[in-house]
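Commentary on secondary and tertiary structure
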Amino acid sequence: MPLPHTHVTLANGLDVLVHEDHDCPIVAVNIWYHVGSKNEKPGRTGFAHLFEHLMFEGSEHHDKGYFEPLQEAGGTLNGSTNADRTNYWEVVPTNALELALWMESDRMGYLLPALTEKKFQNQRDVVLNERRQNYENRPYGFAAMAMMAALYPPDHPYHWLTIGEAADLRAAELADVRAFFQSYYRPRNASLSLAGDVHTDDALQLVERYFGSIDPGEAPAPVDATRPEPPAREVRLLLEDRVELPRLYLAWHSEGLFAAGDAEMDLVAELLAGSKTSRLYRTLVYDQRIATEIAASQNSREIGGFFQVVATAAPGRTLQDLQAAITNEIDAFVASGPTPAEMERGLAQAESHFIYRLQTVGGFGGKSDQLNAYNVFLGDPDYFDKDLDRYRRMSAQAIQAEAGRLLHPSRRIALSVVPKGRTELALDGSVQASVS
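A few points on the structure. Note that this is a predicted model, so its numbers are computed, not measured.

From N to C terminus, the protein includes 15 helices and 12 strands. Relative to the 2.2 N^0.38 estimate, which gives 22 Å for 436 residues, the radius of gyration of the protein is 23 Å and therefore close to what a compact globule would have. Oriented by its inertia axes, the alpha-carbon framework of the protein measures out at about 60 × 50 × 40 Å. Expressed as a percentage of its 436 residues, the buried residues of the protein come to 55%. A separation threshold of at least 6 residues defines the contact pool for the protein, and within that pool the share at least 24 residues apart is 80%. Of the roughly 18,400 Å² of accessible surface on the protein, a fraction of 49% belongs to carbon and sulfur atoms. A distance of 6 Å separates the average location of the 40 positive side-chain charges in the protein from that of its 60 negative side-chain charges.

A few words on the sheet that holds strand E7 (residues 235-241). Overall, mixed pairing links the 6 strands, which are arranged E9-E10-E8-E11-E7-E12 in an open sheet. Single-partner strands in this sheet number two, and they are strand E9 (291-299) and strand E12 (431-432). The sheet strands contacting helix H9 (residues 262-273) are E9 and strand E10 (305-313), and the helix crosses E9 at an angle near 170 degrees.

This part takes up helix H15 (residues 396-406). For H15, the set of buried residues is Ala 396, Ile 399, Glu 402, Ala 403 and Leu 406. For H15, the angular spread of the buried residues around the axis is 135 degrees, confining them to a single face. Against the buried residues of H15 lie strand E8 (247-254), H9, helix H11 (319-336) and helix H12 (340-357).

So, about the packing of aromatic side chains. Per the stated rule, a full pass over the model turns up 22 aromatic pairs. On the basis of an interplanar angle of 15 degrees and a centroid distance of 6.3 Å, the ring pair of Phe 51 and Phe 180 is categorised as stacked. Remark: Phe 180 occurs in helix H7 (residues 174-184) and Phe 51 occurs in helix H1 (residues 47-54); sequence separation between them is 129 residues. You'll find Phe 51 and Phe 180 in the same group, each marked buried. Between Phe 258 and Tyr 374, the aromatic rings sit 6.0 Å apart at their centres with planes inclined by 55 degrees, giving tilted as the arrangement. A residue pair is termed long-range when its members are at least 10 positions apart, and Phe 258 in the loop between E8 and H9 and Tyr 374 in helix H13 (residues 367-378) qualify at 116 residues. Of the two residues examined, Phe 258 and Tyr 374, each falls in the buried class.

Helix-helix packing: each pair is described by the crossing angle between the helix axes and the interaxial distance. In contact at an axis separation of 3 Å, H9 and helix H10 (residues 279-287) are set at 30 degrees when each is read in the N-to-C sense. As far as their axial angle goes, H10 and H9 are roughly parallel. Contact with H9, carried on its side by Leu 271, Leu 272 and Ala 273, involves Arg 279, Leu 280 and Tyr 281 of H10 and no other residues of that element.

Judged by how many residues are buried, E8 sits mostly within the fold: 8 of 8 residues are covered. Alternating positions in E8 separate into two faces, Arg 247, Tyr 249, Ala 251 and His 253 on one and Leu 248, Leu 250, Trp 252 and Ser 254 on the other, with burial throughout. Here 8 bridges tie E8 to E10, and the two strands are oriented antiparallel to one another. The residue of E10 that forms the bridge with Ser 254 is Gly 305. Taken together, the 5 bridges between E8 and strand E11 (residues 413-419) define a ladder with antiparallel strand orientation. What sits directly across from Arg 247, in E11, is Val 417.

A few words on the nonpolar core. Counting residues in hydrophobic clusters, the biggest one holds 77 residues, and the most contacted among them are Leu 101, Tyr 185, Phe 211 and Leu 415. Core analysis: the next-biggest nonpolar cluster, separate from the first, contains 55 residues, Phe 258, Val 268, Leu 280 and Ile 294 among them.

Here we come to the layout of surface pockets. Empty pockets left among the atoms are what a rolling probe the size of a water molecule brings to light. In this model, the largest pocket occupies a volume close to 1,100 Å³. Every residue lining the largest pocket is counted, 33 residues in all, and those nearest its centre are Leu 257, Asp 266, Gln 298, Ser 300 and Arg 357. By residue number, the principal contributor to the lining of the largest pocket is H12, which donates 6 residues. Of the residues that constitute the lining of the largest pocket, the class distribution is 12 nonpolar, 11 polar and 10 charged. Volume-wise, the second largest pocket comes out at about 320 Å³.

Moving on, we come to the pattern of salt bridges. In this structure the tally under the stated criterion is 25 salt bridges. A salt bridge links Asp 84 to Lys 38; its shortest N-O distance comes to 3.4 Å. Here Asp 84 is found in the loop between strand E4 (76-81) and strand E5 (86-93), whereas its partner Lys 38 is found in the loop between strand E3 (26-33) and H1, with 46 residues between them in sequence. The class for Asp 84 is buried, based on a relative accessible area of 3%. On the basis of relative accessible area, Lys 38 is assigned to the buried category, the value being 7%. Between Arg 44 and Asp 176 there is a salt bridge, with the nearest N and O atoms lying 3.7 Å from each other. Highlighted residues: Arg 44 in the loop between E3 and H1 and Asp 176 in helix H7, separated in sequence by 132 residues. One continuous salt-bridge network, built from bridges that share partners, spans Arg 227, Glu 255, Glu 402 and Arg 405.

What counts and how
Residues numbered from 1 in each chain as written. Predicted model: local features only at pLDDT ≥ 70, side-chain atom pairs only at ≥ 80, totals over all residues. Heavy atoms only, no water. Helix = DSSP H or I, 4+ residues; strand = E, 2+ residues; numbered from the N terminus. Rg over C-alpha atoms; globule rule 2.2 N^0.38 Å. Buried < 20%, exposed > 50% of the residue type's maximum accessible area, 1.4 Å probe, protein only. Contact = heavy atoms within 4.5 Å. Areas by Shrake-Rupley, 256 points an atom, 1.4 Å probe, with all protein chains shown as cover. Lys, Arg positive; Asp, Glu negative; His and termini not counted. Charge placed at Lys NZ, Arg CZ, Asp CG, Glu CD. Pairing = 2+ DSSP bridges. Axes fitted to C-alpha atoms, helices over the stretch in contact; angles between N-to-C directions. Arc of directions from axis to C-beta. Phe/Tyr/Trp six-rings, centres within 6.5 Å; stacked < 30°, edge-to-face > 60°. Parallel < 35°, antiparallel > 145°, perpendicular 65-115°, else oblique. Core = buried A, V, L, I, M, F, W, Y, C linked by side-chain atoms within 4.5 Å. 1 Å grid on protein atoms, 1.4 Å probe; cavity = no way out; pocket = protein on both sides within 12 Å on 5 of 7 lines; lining within 4 Å. Points joined across faces, edges and corners; volume = space filled by probe spheres on them. Nonpolar A, V, L, I, M, F, W, Y, C, P; charged D, E, K, R; others polar. Salt bridge = Lys/Arg side-chain N within 4 Å of Asp/Glu carboxyl O.

Given below as structure tokens:
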């Protein structure tokens, strides 16, 4: 299932990918900047996510809201930031492609002349409010902060969340964020993907017209960091929160995005907790009824990943109950490996995820987004089939070996989130977690 496309690099370093799909009269415009929260420094966090907001506030030749013209033309648009990249996308009728390219190029090349102190302070307040809503005032909202702080040392670029530290955002000045933009939001650090009802030659001419004259900028310095060594023994932490039911988080360091072992742990997560027939769900939620919900995930990132299991205790049950049951199920999985039925189900689920990405040309996870992901992270936009082959060629023995190599109880972080004033509900030996 290849994604046929044309790949051109402009003189200023901008990578351009064009995929023709004439089934519907729409075009996806998708741009990735290879910058995320891992490109920030301690004391200067939250800038990448802040720019996700500022990029919608107008540029030199369109100094007003970004949404209205494209929505009036019948388009949809959005953006997102994570630890490793920032992306923006529009899906527009074919006749609005030029409008979308002009607006994207204007904020790439000419955002700073329109970036005022008023806009900066306004969007900083918006981000601080988002932080309060999504983390500070949300049940279990501090858990992710505590877990990242425990997995990574303070000077590691994955130590903080993409939303940034509140104190850093309040201390930031306009000059700081201007400098951040000049370093990372340039053609040489970007990949533009067009997918849909376009003709390649016409599309490339439009891209050259609107993006070709933008200053390339200097190539950003690579992030100097490696995956930390796992702890020598289990680390137990506790966090008090305004919650009714205790929740247990277990996390281990794992391999990074597209590295050997990454796909194996992705399937481990699926087989342990990806469905109601999975091992952890069946045992903890259905059979023993000691948990109300459970999830597992392989969180893949460029520098290194982490594998996490999250379970919420049922009323009257303890986190010790959850910890013992999860450990037993993982130990059993490591001892015997996945069954043939589990392998068949896991592969079918993985293939369905790949096929789903091919159903749309744009948006989060569509064909344009997938081309950019492979190009930015691997330098190989043709990686779709190779990516799928990582799963198709996987053996039960490889999954068993990778799970056994990583999922030792002695190498995990165990975080207990308990109701305020009920620290006795945490796992024995837990110490207060660090959050800010």
